[in-house]
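An overview of the molecular structure
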Amino acid sequence: MSASPAERFAAGCRAGRLDYQWDPVAGRAVFYPRLVPDGLQWRTSAGLGTVHSTTTVHVRGEPPRNVALIDLDEGFRMMSRVRGLEPDDVRIGLRVRVAFEDGVPVFEAAP
Amino acid sequence: MTIAIAGVAESDLGAAAPGTTALDLMGQASARALADCGLAPAEVDGLFAASTQLPMATLSLGEYLGIRPRCSDATQVGGSSFVAHLAHAAAAIGAGLCDVGLIAYGSTQRLVGRSSASVQERDPYEAPYAPLLPVSAYALAAARHMHEFGTTREQLAEVAVSARAWANSNPKAFKRGPLGIDDVLAAPMISSPLGLRDCCLVTDGGAAAVVCSAERARALARPPVAVLGVGEAQSHRHISSMPDLVRTAAADSGARAFARAGLGPGDVDVLQLYDAFTITPILFLEDLGFCAKGEGGAFVEGGRTAPGGPVPMNTNGGGLSYQHPGMYGLLAIVEAVRQLRGESGDRQVAGAEVALVHGDGGVLSSQCTALLGGPATF
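Note that the structure is predicted; figures quoted are calculated from it, not measured. (Residues numbered from 1 in each chain as written. Chains lettered and ligands numbered in written order. Predicted model: local features only at pLDDT ≥ 70, side-chain atom pairs only at ≥ 80, totals over all residues.)

**Details of unusual backbone geometry**
Residues and elements named next belong to chain A. This is how it is decided: Segments assigned H or I by DSSP are reported as helices when at least four residues long, segments assigned E as strands when at least two residues long, and all are numbered from the N terminus. With C-beta atoms placed from the backbone, a residue is labelled by how many other C-beta atoms lie within 10 Å of its own: buried for 20 or more, exposed for 12 or fewer, partly exposed between the two.
With omega at 5°, the peptide bond leading from phenylalanine 31 into tyrosine 32 counts as cis. The phi dihedral of aspartate 102 is positive, around 50°, even though this residue is not glycine. Position of aspartate 102 among the secondary structure elements: in the loop between β8 (95–101) and β9 (104–109). Taking the C-beta count within 10 Å as the criterion, aspartate 102 has 8 such neighbours and is therefore assigned exposed.

Right, here's the structure in full:
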């Protein structure tokens, strides 16, 4: 059996890397990681991106939390969370960089 | 071969008695739809069904009604499934796989709770951020629409206000009474920019439709409704993989349905656009060609889709105020058929000859569009 793409991604995160795949035939980044097409190459993102969209989630009895879609500069999009700001202060277009919380990639405002 | 919808029905709607099952409501709606057109269960030879609570929905339905079909399709693409079933039933009848198709749905989502009725598979790339699905996905699209086009929360609220105004003429609506834009804006926030009144109801219920050749339908009890054209499309499963948050695959499904029907948006008299959230009809009005991309917010302003407005939309009160039992698409078909038969009572759109039904499934993932016609369109 092939190695799990999700496990490979998670291992990178635990080591402090945001890894993604590159499709050399199509000439584009691929996310989430996949087993196919053949020839996908693993690369490591510089971890810099832009908030593409954002929402504040309200659940009774819990503090409001952010959920965002981040466009990484390498050309892939992922769901994540922006920390270090009030959830409602996270704006579309905000430049962010990756950080890791217990092996989970989150983002914070880029300096 | 022209295919027709010969019978439609809802099950009991609203809050089901404790112990009622999704299959009970699916079966009840089915029996009523067959009675509507005067067919017996034994005459059904094709079953088309889906429910998040019934993974083998056509097997369950056949057992419940005592039907042994020679053709079945349990396509599950979310709330749009039943518009897809309409396409598949029409194709199956045309190909001779069956003669009479029964499309059915049932849910006890309110009774058993949304988390148990609609189990979401855990995605390793989204789950760590705990989005409230599906609402957060639609919120991300709404936020992006507001950012790109200047759409406002007031414009989103217009969709809910319009739905309520229609619901006030529908005795079967779950939510009735006055609702203004300020009421929508003042409701508790769920996943910004969508508040409680931007979100569909959670109710129990089911629906069913009987489909057969137009020739056969003409000999039955009710005026047949023509299936003029159906289009299907899909673009993603997860919101993080949606190619463009403000452009849905309704542009594809709509173009396919219009092409098959030989019609355009200007020919449509009444619209049933799946309103899981207030942003969805705005996206679909744009993607189906009723207004330009980005102008959906302005398009719905001033009650233009409400009773008395030029674009009658979601005339039963929609998923926002009428009923939303987990998946709504079949209820939208039922209302379109009733409008084309002229049976919608106080909410009847005068002279409605062509109806558009648009189903949305997943998180803007599956889009299915059907154009239906009244007696004059055969």
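There is more to say after this.
**Comments concerning the sheet that holds strand β11 (residues 366–373) of chain B**
All names here are of chain B. Applied cut-off: A pair of strands is labelled paired if DSSP reports no fewer than 2 bridges between them. Inter-axis angles, ranging from 0 to 180 degrees, are taken between N-to-C directions of lines fitted to C-alpha atoms, where helices are fitted over the stretch in contact.
Here nine strands make up an open sheet; going across it, the order is β3-β2-β4-β7-β1-β8-β11-β10-β9 and the pairing mixed. Each edge of the sheet is formed by a strand with only one pairing partner; in this case those strands are β3 (71–73) and β9 (270–273). Strand-to-strand twist across the sheet, computed as the mean angle between neighbouring axes with direction ignored, equals 25°. Examined bridge by bridge, strand β1 (residues 3–10) and strand β7 (residues 205–213) share seven bridges and lie antiparallel to one another.

**What to know about the sheet that holds strand β3 (residues 41–44) of chain A**
Residue and element names in this part refer to chain A. The strand order β2-β1-β3 describes an open sheet built from three strands, whose pairing is antiparallel. Two strands close off the open sheet at either side, each with one partner strand: β2 (28–30) and β3. On average, each strand axis in the sheet is inclined to that of its neighbour by 45°, with strand direction left out of account. The pairing of strand β1 (residues 19–23) with β3 spans four bridges and is classified as antiparallel. Across the sheet, residue aspartate 19 finds its bridge partner in β3, namely threonine 44.

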